Amino acid sequence: MSYAVNFYSFSKRDNSTKRPTGSGTTLQCETRYESSILSPTMQINSVISNPSNLNYAYIPAFNRYYWITDWSYDRGFWIVRMTV
């Protein structure tokens, strides 16, 4: 299933309720087979050269913000692992 995901380069303390402002960088992503709502794993279907500076995400369909825990590259797709 495909979702629009807003990515940010954002810093805050772990238990802070601060949220990023603006729309960030919106990319189309698909869930991977090992995905869940609390810890989604998605592949980016859009062209992006190096997303390693992006560390925070918002998925409007889930109405949740996530910390990005890992980036990897597999068969032409960037894979992003996130956690609440």
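Remember, predicted model here, so these are calculated numbers, not experimental data.

## A word on the overall build of the chain
Thought 1: If you tally the helices and strands in the chain, you get zero helices and six strands.
Thought 2: Overall, the chain shows an N-to-C arrangement of helices and strands of β-β-β-β-β-β.
Thought 3: In terms of overall dimensions, the chain is globule-like: its C-alpha atoms have a radius of gyration of 12 Å, near the 12 Å expected for 84 residues.
Thought 4: Based on the C-alpha atoms only, the size of the chain along its principal axes is roughly 35 × 25 × 20 Å.
Thought 5: Sorting the 84 residues of the chain into buried and exposed places 33% on the buried side.
Thought 6: The long-range fraction of contacts in the chain, counting pairs at least 24 apart against all pairs at least 6 apart in sequence, stands at 49%.

## Focus: the pattern of salt bridges
For side chains bearing opposite charge, pairing can occur when the charged atoms are close.
Thought 1: On inspection of all chains with the given rule, the structure shows three salt bridges.
Thought 2: Asp74 is the salt-bridge partner of Arg32, the closest N and O atoms lying 3.6 Å from each other. On the criterion of sequence distance, the pair formed by Arg32 in the loop between strand S2 (25-31) and strand S3 (41-44) and Asp74 in strand S5 (residues 64-74) is long-range, its members being 42 residues apart.
Thought 3: Given the relative accessible area of 27%, Asp74 is considered partly exposed.

## With respect to the packing of aromatic side chains
Thought 1: In total, this model carries eight aromatic pairs according to the counting rule given.
Thought 2: Taken together, a centroid distance of 5.8 Å and an interplanar angle of 40° make the contact between Phe7 and Trp71 tilted. Of this pair, Phe7 sits in strand S1 (residues 2-8) while Trp71 is found in strand S5, placing the two residues 64 residues apart along the sequence.
Thought 3: For Phe7, a relative accessible area of 1% translates into the label buried.
Thought 4: Residue Trp71 is classed as buried on the basis of its relative accessible area, which comes to 16%.
Thought 5: Aromatic pair Phe10 and Tyr56: ring centres 5.2 Å apart, planes at 35°, arrangement tilted. In this pair, Phe10 is assigned in the loop between S1 and S2 and Tyr56 in strand S4 (residues 56-59), connecting sequence segments 46 residues apart. The pair formed by Phe10 and Tyr56 is uniform in burial state, with each residue classed as buried.
Thought 6: Through a chain of ring-to-ring contacts, the aromatic side chains of Phe10, Tyr56, Tyr58, Tyr65 and Trp67 assemble into a single cluster.

Reading the values: rules and limits
- Residues numbered from 1 in each chain as written.
- Predicted model: local features only at pLDDT ≥ 70, side-chain atom pairs only at ≥ 80, totals over all residues.
- Heavy atoms only, no water.
- Helix = DSSP H or I, 4+ residues; strand = E, 2+ residues; numbered from the N terminus.
- Rg over C-alpha atoms; globule rule 2.2 N^0.38 Å.
- Buried < 20%, exposed > 50% of the residue type's maximum accessible area, 1.4 Å probe, protein only.
- Contact = heavy atoms within 4.5 Å.
- Salt bridge = Lys/Arg side-chain N within 4 Å of Asp/Glu carboxyl O.
- Phe/Tyr/Trp six-rings, centres within 6.5 Å; stacked < 30°, edge-to-face > 60°.

Bear in mind that shape data such as this cannot, by itself, settle questions of function.
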